[in-house]
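# Observations on the model geometry
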Amino acid sequence: MRKSRLFALITAAILGISLATPLFALPLSPTSSCGWDTAAGWVARENLKSGNANWAAGIPIEYAGDYARRDQQGGFDKWVTKGIQGKRVEGWFDSASATCGQTVGMHISGNAKPVKIFIYRMGYYGGANARLVGSYKTQSAVPSYDAPIISSAPRSTVSTNWPVSYKFKVTKETPPGQYLFRLDDGEGKSTFVPLMITNPNERYGITFVSAVMTWQAYNQWGGYSLYKGPDGKRTSRSTVASFNRPYDGDGSGQTRYMELPILRLAEMDGLDINYATDFEVDQNNKIILQSNSIVFGGHDEYWTNNMRDNLEAAVARGTNLINFGGNAGYNRLRLETYNRIAMWRSSKGDPYGTVADKATTAWRLAPIKRPESLLLGAQYIGLGVSGSYTVTHPDRWPFNAMTTPTKLELVVGKEVDSPLYSPGPAVENLASSDIKVHGVPAVAMATYYTNSKSAGVLNISTNGWPCSMGGICPWHAAVPANVRNDVKLVTEAILIDAAKGPLGKHHPMKVDIPARTVSTKFSESA
């Protein structure tokens, strides 16, 4: 395969100072033809281009929200407010995603210096993991803007009204993929701003979904997340979160440790992928309809009502559903406006708390009563877990790809699922771990089942799976090298076969756990 030359750097971005109201989830209908390479093998050809290994130099991974130990910061993360975290250059986009011909504005707060913006498409690229697609420097200094706007309790919504400092247009030079925009100004700490570039007009074997709604739920920037307030207590948390603010930590949300390990592996293998976010799943975009498999990374906890309905419909049509994490689809949130998500967690205070299709609480609880295990095969049972998987049947797909036949040390945690304590379809037991949840013995279990359309639903049931590949899990980084390799081999086996079509045609389910009709325990809140 001939190596393609590197695309020219983007120079068409223009500076803007508009305070126009952003439309966070842009309709994904291209306004012009980009001439993207869309023929079979485009991801492999893309990854032959020169990578840039220094894309994250000086920006170590910082774990977002509850993955950090806020209690060691006196109740605050070091990034909660600009006053505590020190000088930073940071920003947010009008939209979580965009497609050909669309323009999105970036709202930046800096340090009275011009800001350099480096545009990286994430992938494999010979092990560099990113390609520099373009760069831009603002024409004037970007000031440090005032403290965020925080609405009154119990909403406690954190947002900003920073003006647009940079406009980015999706063109031929920016093919679909996960992008991180690096912000540098030589004065403050550099951060990233994520953007997913999508292509709704092509059918590919895999659609990878980025869990931006979950990122936002855990985002502590400005002092409040949907989990805790500035004092570190759940009683002071917000109930409505806005996308009009940067992500905490390194600015990339949970991209680097919950999703990039999966994407990097898929691109290394040259699998043709389409890229989406929770918003596309909510809108039932063509990206979701035109795919053999829908794939989630390590942590996609928050689903809207539309997301759940659309995923169930996809599986019923014969589309595979792969979850490389734990705690997926546990909570139902509500899109309150174009860029705000509401999560009241109980009927108390929620204006729709008793309305079955609008209440914001765990899917398994009243008034919803739709346990996530009915779709995923297994469901969340607890957090704070650290353990190892024992492979139940080493000769069965996909764990027969391993070099070490039976054990995967330290991949179980921090949040885990099981089929044993909730209703759901009959499932195959892929791997299991004897654990304790708050002192109570339990079994975490990776599961697999197929339906009448031969769609496969595979739930890895631990959000330690993606980060264990690189030894970058927040709760333990000591995953042995042979385990990291085996996790990669199993993940590859899943992705390669899921891209081909309905998994049940090649890998019929072998029932280990019969169908269940009742819940027994472990209904705690995540």
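Reference entry: report on the structure contained in this document. Once a new chain begins, its residue numbering starts again from 1 and follows that chain's sequence as written. Local features in this predicted model are restricted to residues of pLDDT 70 or higher, and side-chain atom pairs are both shown and tallied only at a pLDDT of 80 or more, whereas totals for entire chains, interfaces and linings draw on every residue. To get the side-chain values, all heavy atoms of the structure are used, and hydrogens and water are removed first.

The five strands lie next to each other as E2-E10-E9-E4-E5, forming an open sheet whose pairing is mixed. Each end of this open sheet is capped by a strand with a single partner; those strands are strand E2 (97-98) and strand E5 (130-137). Here, a strand pair is defined by DSSP locating no fewer than two bridges between the strands. Put simply, DSSP H or I for four residues or longer makes a helix, DSSP E for two residues or longer makes a strand, and each gets a number counted from the N terminus. Where strand E9 (residues 177-184) meets strand E10 (residues 191-197), seven bridges bridge the pair, whose relative direction is antiparallel. Considered in E10, the bridge of Arg182 is made with Phe192.

Rolled over the atoms, a probe with the dimensions of a water molecule shows which regions are left empty. For each structure, a 1 Å grid was placed over the protein atoms alone; sets of points admitting a 1.4 Å probe that cannot get out are labelled cavities, open sets with protein on both sides within 12 Å along at least five of seven lines are labelled pockets, and lining residues have an atom within 4 Å of a point. Grid points are joined across faces, edges and corners, and a volume is the space filled by probe spheres set on the points. Taken as a whole and assessed by the stated rule, the structure comprises four cavities of 30 Å³ or more. When its volume is computed, the second largest cavity comes out at roughly 40 Å³. Contributing to the lining of the second largest cavity are Val391, His393, Arg396, Trp397, Pro398, Phe399, Glu428, Asn429 and Leu430. At three residues, strand E24 (residues 428-437) tops the list of elements feeding residues into the lining of the second largest cavity.

The next thing to look at is the packing of aromatic side chains. Two rings from Phe, Tyr or Trp (for Trp, the six-membered ring) form a pair when their centres are within 6.5 Å of each other. A pair whose planes differ by under 30 degrees is stacked, one over 60 is edge-to-face, and the rest are tilted. Following the criterion strictly, the structure yields 16 aromatic pairs and no others. For the ring pair Trp55 and Phe192, a centre distance of 5.7 Å and an interplane angle of 45° mean the geometry is tilted. A residue pair is termed long-range when its members are at least 10 positions apart, and Trp55 in the loop between helix H1 (42-46) and helix H2 (82-85) and Phe192 in strand E10 qualify at 137 residues. For the pair Trp55 and Phe192, a shared accessibility class is recorded, and that class is buried. With centroids separated by 5.8 Å and ring planes inclined at 85°, the aromatic side chains of Trp162 and Trp221 adopt a geometry described as edge-to-face. Residue Trp162 is found in the loop between strand E7 (158-159) and strand E8 (164-169), and its partner Trp221 is found in the loop between helix H3 (212-218) and strand E12 (240-242); the two are separated by 59 residues along the sequence. Accessibility assignment for this pair places Trp162 and Trp221 in one class, buried. Taken together through their ring pairs, the aromatic side chains of Phe93, Phe168 and Phe181 make up a single cluster. Categorising residues by exposure relies on relative accessible area from a 1.4 Å probe, with only protein chains included: less than 20% of the type maximum marks a residue as buried, more than 50% marks it as exposed, and the intermediate range marks it as partly exposed.

A few words now on the state of the cysteines. Cysteine pairs can be covalently joined through their sulfur atoms, and such a bond is termed a disulfide. The criterion for a disulfide is a pair of cysteine sulfur atoms lying within 2.5 Å. Applying the stated criterion across every chain yields a total of two disulfides. Here Cys34 pairs with Cys100 through a disulfide, and the sulfurs are 2.1 Å apart. Its torsion about the S-S bond being 105°, the disulfide of Cys34 and Cys100 is classed as right-handed. In this pair, Cys34 is assigned in the segment before H1 and Cys100 in the loop between E2 and strand E3 (103-109), connecting sequence segments 66 residues apart. One exposure class covers both Cys34 and Cys100, and it is buried.

Our next topic: the sheet that holds E24. Taken in spatial order, the nine strands make up an open sheet running E13-E11-E14-E16-E26-E25-E24-E21-E22, and their pairing is mixed. Edge positions in the open sheet fall to strand E13 (273-277) and strand E22 (407-412), since each of these has one partner strand only. On average, each strand axis in the sheet is inclined to that of its neighbour by 25°, with strand direction left out of account. The pairing of strand E16 (residues 320-323) with strand E26 (residues 456-459) spans three bridges and is classified as parallel. Counted as the bridge partner of Ile322 is Leu458 from E26. The criterion used for residue contact is that any of the two residues' heavy atoms lie within 4.5 Å. Here, axes are lines fitted to C-alpha atoms. For helices the fit covers the stretch in contact, and angles between N-to-C directions go from 0 to 180 degrees. Sheet strands touched by helix H11 (residues 481-498): strand E11 (204-210), strand E14 (291-296), E16, E22 and E26. Its angle to E22, the strand with the most contacts, is close to 85°.

What follows covers the packing of helix H5 (residues 260-268) against H11. Helices that pack against each other are described as a pair by the angle of their axes relative to one another and the distance between those axes. Where H5 meets H11, the closest approach of the two axes is 10 Å, and the angle between their N-to-C directions is 65°. What the angle tells us is that H5 and H11 run roughly perpendicular. The handedness of the crossing between H5 and H11 comes out as right-handed. For the pair H5 and H11, contact is made by Ile262, Leu265, Ala266 and Met268 and by Lys488, Thr491, Glu492 and Leu495, respectively. Following the grouping adopted for this structure description, the nonpolar residues are Ala, Val, Leu, Ile, Met, Phe, Trp, Tyr, Cys and Pro, the charged ones are Asp, Glu, Lys and Arg, and the polar ones are all others, Gly among them. Here the contact of H5 with H11 is composed, by residue class, of five nonpolar, one polar and two charged. Oblique is the label for any angle not under 35 degrees, not over 145, and not in the 65 to 115 range, which are roughly parallel, roughly antiparallel and roughly perpendicular in turn. When the near helix sits turned anticlockwise from the far one by under a right angle, the crossing is termed left-handed; a clockwise turn instead gives a right-handed crossing.

In this section: the environment of Ser159. On the secondary structure map, Ser159 appears in strand E7. With 12 residues separating them along the chain, Ser159 and Ala147 place their C-alpha atoms 9.5 Å apart. Ignoring anything within four residues of it in the chain, the contact list for Ser159 reads Pro148, Ile149, Ser242, Asn244 and Arg340.

Coordinates in, geometry out; function isn't part of it.
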